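Close look at the chain arrangement
In case you want the letters, here they are:
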Amino acid sequence: MTFLELAQRLRLESMVSGSGPASVVSQVGELGELVEWVNTAYQDIQLLHDDWRFMQSEFTFPTIANVN
């Protein structure tokens, strides 16, 4: 599930009226709160274990098209 899909699912399950959000950028009001709650939960999960090595630093590397 993408971050947007998580926010949309939260709106659905929390029975907030309307639709969306269509985006997680610049939301205000109830939808803004939903997006912020998803963001807080996402960060809590990412920081849950110190030994998750993939979270220690950013990195980049070159890729070649059509090569596994």
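Residues numbered from 1 in each chain as written. Predicted model: local features only at pLDDT ≥ 70, side-chain atom pairs only at ≥ 80, totals over all residues. Heavy atoms only, no water.

1. Re the overall build of the protein chain
Scanning the protein chain from N- to C-terminus turns up two helices and zero strands. Here the C-alpha radius of gyration of the protein chain, 16 Å, is well above what a compact globule of 68 residues would show, namely 11 Å. For the protein chain, the proportion of its 68 residues judged to be buried stands at 15%. For the protein chain, the share of sequence-separated contacts (at least 6 apart) that also reach a separation of at least 24 residues comes to 25%. Surface exposure of the protein chain reaches about 6000 Å², of which carbon and sulfur atoms provide 57%. (Helix = DSSP H or I, 4+ residues; strand = E, 2+ residues; numbered from the N terminus. Rg over C-alpha atoms; globule rule 2.2 N^0.38 Å. Buried < 20%, exposed > 50% of the residue type's maximum accessible area, 1.4 Å probe, protein only. Contact = heavy atoms within 4.5 Å. Areas by Shrake-Rupley, 256 points an atom, 1.4 Å probe, with all protein chains shown as cover.)

2. Some thoughts on unusual backbone geometry
The omega torsion across Gly20 and Pro21 is 5°, close enough to zero to call that bond cis. Within the element layout of this structure, Pro21 appears in the loop between helix 1 (3–13) and helix 2 (29–46). Positive phi outside glycine occurs at Ser26, with the angle close to 60°. With respect to the helices and strands, Ser26 occurs in the loop between helix 1 and helix 2. Relative accessible area serves as the criterion here: at 68%, Ser26 is assigned to the exposed category.

3. With respect to the pattern of salt bridges
Going through the model one piece at a time under the given rule, you end up with one salt bridge. Between Arg9 and Glu13 there is a salt bridge, and its shortest N-O distance comes to 2.4 Å. Placement of both Arg9 and Glu13 in helix 1 is noted, with a separation of four residues, approximately one turn of the helix. (Salt bridge = Lys/Arg side-chain N within 4 Å of Asp/Glu carboxyl O.)

4. Let's talk about the side chain of Arg11
Looking at where Arg11 falls in the secondary structure, it is placed in helix 1. Notably, Arg11 is buried but unbridged: the nearest opposite-charge side chain belongs to Glu30, and the N-O separation is 8.9 Å. The residues contacting Arg11, other than those within four sequence positions of it, are Val16, Ser17, Gly18, Ser19, Gly20, Leu31 and Leu34. (Lys, Arg positive; Asp, Glu negative; His and termini not counted.)

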